[in-house]
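One-letter residues, chain by chain:
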Amino acid sequence: MIKSYKLRRRLSNALIYFILAVLGIIWITPLIWMVLHSFRGEGGSAVHYLMPKTFTFQHYIELFTDTSLLNFPRWFLNTLIVAIFACIISTLSVLMVSYTFSRLRFKARKPLINVGMILGMFPGFMTMIAIYYLLKALDLTQTLPALVICYSAGAGLGFQISKGFFDTIPRALDEAATIDGATKNQIFWKIILPMSKPILVYTILTSFIGPWTDFILVKIIMGDSRNNYTVSIGLQLMTSQNYVSKYFQRFLAGSTLVAIPISILFLKMQNYYVEGVTAGGVKG
Amino acid sequence: MKYIDYVQLNPFQRAGFKIKTFFKNLPGALKKFFIMLGNFFKKLALGIVHSFASYGRRFAKGDATTKLSYLIMGAGNAAKGQYIKGLIFFLLEVGYGAFLAFFGFEYISKFGTLGTSNGGYEYINGRPVKVEGDNSMLILLYGVMTIILTVIFLVVYVTNTKSAYKVQTLKENGEHIPTFVEEMKQFTDEKFHVTMLSIPVLLIGTFSILPLVFMILIAFTTFRPPNLPPNSLFTWNGLHTFSEVFSTKGGASMGHTFLVLTEWTIIWAICATFLNYIMGMVVALMINKKGIKLKALWRTLFVITVAVPQFVTLLVMNQMLQLDTGAINVLLQNLGFEQIDFINGEAWVARVTVIVINLWVGIPYTILITSGILMNIPADLYESATIDGAGPWKSFTKITLPYMIFVTTPYLITTFISNINNFNVIYLLTNGSPTNENLYTGAGYTDLLVTWLFKLTMSNQDYNYAAAIGILVFIVCASLSLITFNLTKSAKDEEAFS
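About the criteria used
- Residues numbered from 1 in each chain as written.
- Chains lettered and ligands numbered in written order.
- Predicted model: local features only at pLDDT ≥ 70, side-chain atom pairs only at ≥ 80, totals over all residues.
- Helix = DSSP H or I, 4+ residues; strand = E, 2+ residues; numbered from the N terminus.
- Rg over C-alpha atoms; globule rule 2.2 N^0.38 Å.
- Buried ≥ 20, exposed ≤ 12 C-beta atoms within 10 Å, placed from the backbone.
- Contact = placed C-beta atoms within 7 Å.
- Expected span 1.5 Å × (residues − 1).
- Domains from an automatic or database assignment.
- Axes fitted to C-alpha atoms, helices over the stretch in contact; angles between N-to-C directions.
- Parallel < 35°, antiparallel > 145°, perpendicular 65-115°, else oblique.
- Left-handed = near helix turned anticlockwise from the far one by under 90°.
- Nonpolar A, V, L, I, M, F, W, Y, C, P; charged D, E, K, R; others polar.

This brings us to the overall build of chain A. Looking only at helices and strands, one finds 13 helices and 0 strands in chain A. Listing every helix and strand of chain A by position from the N terminus yields α-α-α-α-α-α-α-α-α-α-α-α-α. A compact globule built from 284 residues should have a C-alpha radius of gyration of about 19 Å, whereas chain A, at 24 Å, is more than 25% larger. Projected onto its principal axes, the C-alpha coordinates of chain A cover approximately 80 × 75 × 30 Å. Counting over 284 residues, chain A shows a buried share of 40%. Across chain A, the fraction of contacts at a sequence separation of at least 24, relative to all contacts at a separation of at least 6, is 74%.

The next subject is helix α3 (residues 72–103) of chain A. An α-helix turns once every 3.6 residues. As a result, residues three or four positions apart point the same way. Here α3(A) spans 45 Å end to end across 32 residues, near enough to the 46 Å set by a 1.5 Å rise per residue. Among the 32 residues in α3(A), 23 count as buried, and that is most of the element.

Before going further, it helps to spend a moment on the domain arrangement of chain B. Domain boundaries assigned for chain B yield domain 1 (1–61), domain 2 (71–238) and domain 3 (254–487). One C-alpha centre belongs to domain 1 of chain B, the other to domain 3 of chain B; they are set 34 Å apart.

Residue and element names in this part refer to chain B. Where helix α6 (residues 136–172) contacts helix α8 (residues 192–218), the two axes come as close as 10 Å, and the packing angle between them is 125°. Considered as vectors, α6 and α8 are oriented oblique to each other. As for the relative orientation of α6 and α8, their crossing is right-handed in sense. Seen from α6, the contacting residues are L140, L141, V144, M145 and I148; seen from α8, they are L210, V213, F214 and L217. Looking at the contact of α6 with α8 residue by residue, the classes come out as 9 nonpolar, no polar and no charged.

Bringing the domain arrangement of chain A into the picture now. Where the parts come together, the accessible area they lose is often given as the size of the interface. Residues and elements named next belong to chain A. What the domain assignment lists for chain A is domain 1 (2–60) and domain 2 (69–281). A straight line from the C-alpha centre of domain 1 to that of domain 2 covers 34 Å. Contacts between domain 1 and domain 2 engage 8 residues on the former and 9 residues on the latter. Where the side of domain 1 that touches domain 2 is concerned, the elements lending two or more residues are α1 (2–38) and α2 (58–65). Looking at the side of domain 1 that touches domain 2 element by element, the count peaks at 4 residues for α1. Taken together, the residues of the side of domain 1 that touches domain 2 break down into 3 nonpolar, 4 polar and 1 charged.

On the chain B side, the residues contacting the 73 residues of chain A number 82 residues. Element by element, the count of residues in the side of chain A that touches chain B is highest for α1(A), at 13 residues. Among the residues making up the side of chain A that touches chain B, the classes are represented as 46 nonpolar, 22 polar and 5 charged.

Next up, the structure:
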């Protein structure tokens, strides 16, 4: 009996290993394909085989040196700058809004929370056209500050997740601090923020990655000002019909270069990420 | 039914029971809702009447300078020694006046018609001189802006009268009148919420609320070709846009397209949410099974696809799916099969393709999110189920699934809503293709309502249709969220831990 049980378990484990291996291959193949073909030595956009025959760094070098038509290093720098500023502003406003709604009690609190939730439910890019003309009125279209504004202005509406986190910090802490003479301002900076590392990391992470992956807004705001593109729309441009035959492998190389830092960042922070999502979205 | 009876039901009976009670309670819930709505408006009206009354009362009781500050803001404060505060009120009044005189008034006066003059040439002394016409869109945008600023100004104005009266009473009672510095200090403590919210509210007001009001109003205008500013005008047309969106007259009508795409959006959202959820959970269970080694490796293998920016993987996928040159078709040819036109071929092929690719995108995400929760399911539940003779399938459907669905309902519904609005996958993978002449210009069979909205604004310039569709999507999402919000206790129990 015991033997057959062991055998059965082994069999089922073997089956699971097999399934996991197959699935793992399916999942990782596109990424490996991307990396391998970015090093492919033979030119042309398309080849009738899956494994490159020769390898070269050529496309990476060209990506950074041949910037006359499509300026990848510039795009990379643009994205980095926008991401840093957007990250700072949106993290601050998310934390400020969620702390206020979670800890402070005032008359307009409930109505404001409801308004915030309702605003969050409109499809985001319904407002794009209006934002475009607003930025035009401010004479900001086709500039990087416009992007920073777009990515961080509405950030305060995403307060639910961190509010959920702040709700779990015992209020007794605030009360004790108040008795000791701390103002609400001091409580926020000296007590609550140091305790909020998971949600802080989550907010920073998501708002930093945002500008790297968005392209709708960039497309509308930047129009044909190619020097101010970010990587996402730049890479998409490389796959458009006019460029794809010449730039296909540079597109793969550029994608790899964007993917590596973002992936490392994400893998390092994934626990915070999971904690962040489940803190607000999952309740027992 | 008592709780003990309820627990003994199987999931389907439970769902049936829930649906039954939902409909049984519906009239009551609706009644409650309308009573709530009525109460809200009653409160609002009472509030307005009340504030008008106290506004008048303050005027009657006020001394000369308080009365003066009803006309010249800040006069009352300045007269009682609060010079800086008084000056700030006064400057705000002057600023608003200047804004209205030099900018706002022109737009607000044309708001009712959205402009009448088309522009063109006027003959002065026999010579043609170009005359700038009205720009309906700018009138609408700046009109909304002026209205919002006016409301803000009214609030400031009432605050000013209150403040003036308050200083007056303080002075009459011989109490200490706070200095400017003392009042500023309040903003780090009692009024800290004002400090904290001011900047975010300003940003959200300018870049979310103002554009949103603008776009909602667009749905009630004729803003579509040929009425495109700056060369021609558009105007208000009530609910006409909505009836056009629903009209099924003509060949490639809006109404037909709307129905087809709504149906697909719902199918898509259901598949994308629940297939990803269940299959992701199965994989997560496999990884976490006792006796499986290299757990970290398996996990990383999947999670790395979440980590890579979505647009990168989707663009790569798009390239891999291309006809002739795409890696998948090359593989098919090498294996001796026919090529498949994944993107521009049959409608159902493209639809299945995006759902399958979305599995590739979504399953690792589910693994990432659910792994932790899955580990929290008490192991003795499974053990006793195994002793009772349950196989892996039975324990999955009877233990794992009910437990997980119970715990993650809010997550599921937010995922569902974000799938309705899942722009990236469709836009990058197929851009809505295959298009068809039976559908409204530009729309394709894999278009979701949101990608169609995007196309309507960007390529067709049918702004009013796009706005109307946006409002409809909003209504669906909002009612779904409302239901979730009521289902979860997190809203009611927000102070449970504190």
